[in-house]
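Structural characterization, general
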Protein chains: 2
Amino acid sequence: MSQTIEKRDAAPQELRTLYAVVREELVQVDELLRTELTSEYPFVEELARHGFRLGGKRLRPALVLLAGKLCGGIDGRHLQLAAAVEMVHTASLIHDDVLDEATIRRHLDTVNARWDNEASILLGDYLFARAFRLAASLDNPFAVRRLIEASRLMCEGELRQIQTRGNYDLTEDGYLEIIADKTASLCACCCEIGAHYAGAGEAERQALTAFGRKLGVAFQIVDDLLDVLGDEQTIGKSLGTDLVKQKPTLPLIRLLNQSGPEQRAKMVEILSTTTAHHREALKPWLEKSDAISYSKRRATEFVESAATELRGIPDAPSKDSLVGIAQFVVDRRH
Amino acid sequence: MSQTIEKRDAAPQELRTLYAVVREELVQVDELLRTELTSEYPFVEELARHGFRLGGKRLRPALVLLAGKLCGGIDGRHLQLAAAVEMVHTASLIHDDVLDEATIRRHLDTVNARWDNEASILLGDYLFARAFRLAASLDNPFAVRRLIEASRLMCEGELRQIQTRGNYDLTEDGYLEIIADKTASLCACCCEIGAHYAGAGEAERQALTAFGRKLGVAFQIVDDLLDVLGDEQTIGKSLGTDLVKQKPTLPLIRLLNQSGPEQRAKMVEILSTTTAHHREALKPWLEKSDAISYSKRRATEFVESAATELRGIPDAPSKDSLVGIAQFVVDRRH
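Quantities reported herein were computed from a predicted structural model and do not represent experimental measurements.

Opposite the 47 residues of chain B that make contact, chain A presents 47 residues. A combined buried area of about 4500 Å² lies between chain B and chain A, and 67% of that area is made up of carbon and sulfur atoms. Taken together, chain B and chain A are joined by six salt bridges. Among the ionic pairs, Glu118 of chain B bridges to Arg165 of chain A, the shortest N-O distance being 3.1 Å. For the pair chain B and chain A, the number of links is 16 residue pairs in polar contact (both at pLDDT 80 or more). Considering every element that reaches the side of chain B that touches chain A, the biggest residue donor is helix α7 (residues 110-136) of chain B, with 17 residues. Classifying every residue of the side of chain B that touches chain A gives 22 nonpolar, eight polar and 17 charged.

Structure, rendered in structure tokens:
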């Protein structure tokens, strides 16, 4: 589990440069995370650290801090909230990974896989609770309410995505609505609470929230594109799993939409088999179609639209960082 | 999953009689739960209802309401909190059951089992989030803080219990500390928030909290005793699973403590094998020892001590109900 997370969250240099404006604060957030993960029970602490043994890319904490900086300044509450959103993110990754790991280990050691699964589910629950506790410790209940609501939407989005499995009639709009909940709601929340606790006005807060949401949508489109496309070596996690799980994501939706009924039927047939070679089988079609460039373009549009949301806010280094991060989200190769 | 929950939570007549003082309010809580579980997405709603398709014994909502009634009276906030604690309880049961179900279904249909597991993990997360959202919707953040903290302790207790697997040197005190977190923290929270939102003074609130905690400890001791002892037919769930999972619970701890080194070594050897017949193999020893009567006695002591906590509070029908429920917890056969 930790290995999957570790690799998929490795923080690239470009991103660290973009974080320069809040570098010091991010260090404090990491310290706070370390403190938050201590437990009087060594086993619990070991597990929690295991979940965080990643030095992740800290995208969500950076959003909280930069939104705060842009809207009036950061204080101790931002640090706490930045730690809390990272804990929610990690908790959700741990739960996402439970099943994948179960498959891998099933052939090795079932008892061990069971133990790990059980511990992973509980560890995720534990981290959710600790994240909410941290957010609820602030005087003002705004943050904990927003964070709980974002978590609810994440789950709802993921549940809805489960239901779309094998449904190759899912529309692009349907897909976008799902990823807005599944992924973008937490990014939106990060920017919103960052702005709120900096004393942002209503318009400013809404602009930051919309920025976060669009950035989150773009992020997920690129994630899904990399799953179909990417180089496992570079990305460091199993790819093509969306296809195996019969999860219709944007490149596939586009490919199917652009295909004639006969071709489409063939593709759906391939996708409906349980073989793990969907990616290879679909590759020639994908390369001939505009599915890849189209998906990339859609992500770029969301990122451009995200930047536009910040137009009304005076320029500042923190604004440049936010826009740069949004751009990074589309350009990244992993 | 739902089947397990359904059976283990069936509400017996004796308990319903004890709920008479808050019967009307419990009906309102059930209505609120139904409303809370609606979703604009039919699949999400179906899953959530699936988790609640039980008409459970509603022990935790009853504790919130009765504590409220005893300490000054129930209002709308108690109803919301009663619904919230039931959602937390259900969420934790759903996560508990994920792995058990995975085993059962693995031989039938792996894809289906995977799907269900994934949905179950997300459904649990979703219900936790909805529970916290409901509690956070109150003006006063006391309840959401307490509920989040109880959930954290539940996870921590369960994680610690995982670590005790196969550790037959676990002491009775170590065991009691674990179940105080794992099970009693939520019961304590129910009584505490019930009292708090009824305007209870500090002493009263502490008395109710201690009552809930001791009741919760007794509840878990009896649960563990039934797992070793009980009649699967009556209880309607697989038993002996604690032994299979090498989870040292009170009857076993007592049995091992009362045995000589040679006998003890034999027992540990049996327990360490992966066969599923631990219960049969241990039965003669259990019957010769005082492990069963001792465990029952310890549970009774906790329940008596729980009742003593309420001594300072004037008599009332709601107090009788609370004491009656505590007694029921020890007397129950399932």
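Now, onward.
All names here are of chain B. In the contact formed by helix α5 (residues 59-70) and helix α10 (residues 202-229), the axes pass within 11 Å of each other and the chain directions differ by 155°. Between α5 and α10, the angle is such that the two are roughly antiparallel. As for the relative orientation of α5 and α10, their crossing is right-handed in sense. Across the interface between the two elements, Leu59, Arg60, Leu63, Ala67 and Leu70 from α5 touch Glu204, Leu208, Phe211, Leu215 and Phe219 from α10. Broken down by class, the residue content of the contact of α5 with α10 amounts to eight nonpolar, no polar and two charged.

Ranked by size, the top nonpolar core spans 191 residues in total, and within it Leu208 of chain A together with Leu208 of chain B carry the most contacts. Discounting chain neighbours no more than four positions away, the residues touching Leu208 of chain A are Ala67, Leu70, Cys71, Cys191, Ala195, Leu310, Ile313 and Leu322 of chain A.

All names here are of chain B. The end-to-end C-alpha separation of helix α3 (residues 23-36) is 20 Å, in line with the 20 Å expected for 14 residues at 1.5 Å each. Along α3, the residues classified as buried are Glu25, Leu26, Val29, Leu33 and Glu36. Projected onto a plane normal to the axis of α3, the buried residues spread over an arc of 100° and lie on a single side.

Overall, the coordinates contain 46 salt bridges over all chains when judged by the stated rule. One salt bridge connects Glu192 of chain A with Arg146 of chain A, and the closest N-O pair in it is separated by 3.1 Å. With Glu192 of chain A in helix α9 (residues 172-196) and Arg146 of chain A in helix α8 (residues 142-163), the pair connects residues that are 46 residues apart, well separated along the chain. Classification of Glu192 of chain A by relative accessible area gives buried; the value is 9%. The partner of Lys319 of chain A in a salt bridge is Asp315 of chain A, with the nearest N and O atoms 3.0 Å apart. Asp315 of chain A sits in the exposed class, given a relative accessible area of 66%. Residues participating in the shared-partner salt-bridge network are Arg133 of chain A together with Glu149, Arg152 and Glu156 of chain B.

Two copies of the chain are present, and they differ by a rotation about an axis and a shift along that axis. Superposing chain B onto chain A requires a rotation of 180° together with a translation of 0.0 Å along the rotation axis, leaving an RMSD of 0.0 Å. Given the turn and translation reported, the copies of this chain are related as if by a two-fold rotation axis. Take the interface residues of chain B: 100% of them recur as interface residues in chain A, which is what a same-surface contact looks like.

Conventions used here
- Residues numbered from 1 in each chain as written.
- Chains lettered and ligands numbered in written order.
- Predicted model: local features only at pLDDT ≥ 70, side-chain atom pairs only at ≥ 80, totals over all residues.
- Heavy atoms only, no water.
- Contact = heavy atoms within 4.5 Å.
- Buried area = accessible area lost by both parts, 1.4 Å probe.
- Salt bridge = Lys/Arg side-chain N within 4 Å of Asp/Glu carboxyl O.
- Polar contact = N/O pair within 3.5 Å; in protein donor to acceptor, adjacent residues only side chain to side chain.
- Helix = DSSP H or I, 4+ residues; strand = E, 2+ residues; numbered from the N terminus.
- Nonpolar A, V, L, I, M, F, W, Y, C, P; charged D, E, K, R; others polar.
- Axes fitted to C-alpha atoms, helices over the stretch in contact; angles between N-to-C directions.
- Parallel < 35°, antiparallel > 145°, perpendicular 65-115°, else oblique.
- Left-handed = near helix turned anticlockwise from the far one by under 90°.
- Core = buried A, V, L, I, M, F, W, Y, C linked by side-chain atoms within 4.5 Å.
- Buried < 20%, exposed > 50% of the residue type's maximum accessible area, 1.4 Å probe, protein only.
- Expected span 1.5 Å × (residues − 1).
- Arc of directions from axis to C-beta.
- Least-squares fit on C-alpha atoms with pLDDT ≥ 70 in both.

These results come straight from atomic positions and should not be treated as a statement about function.
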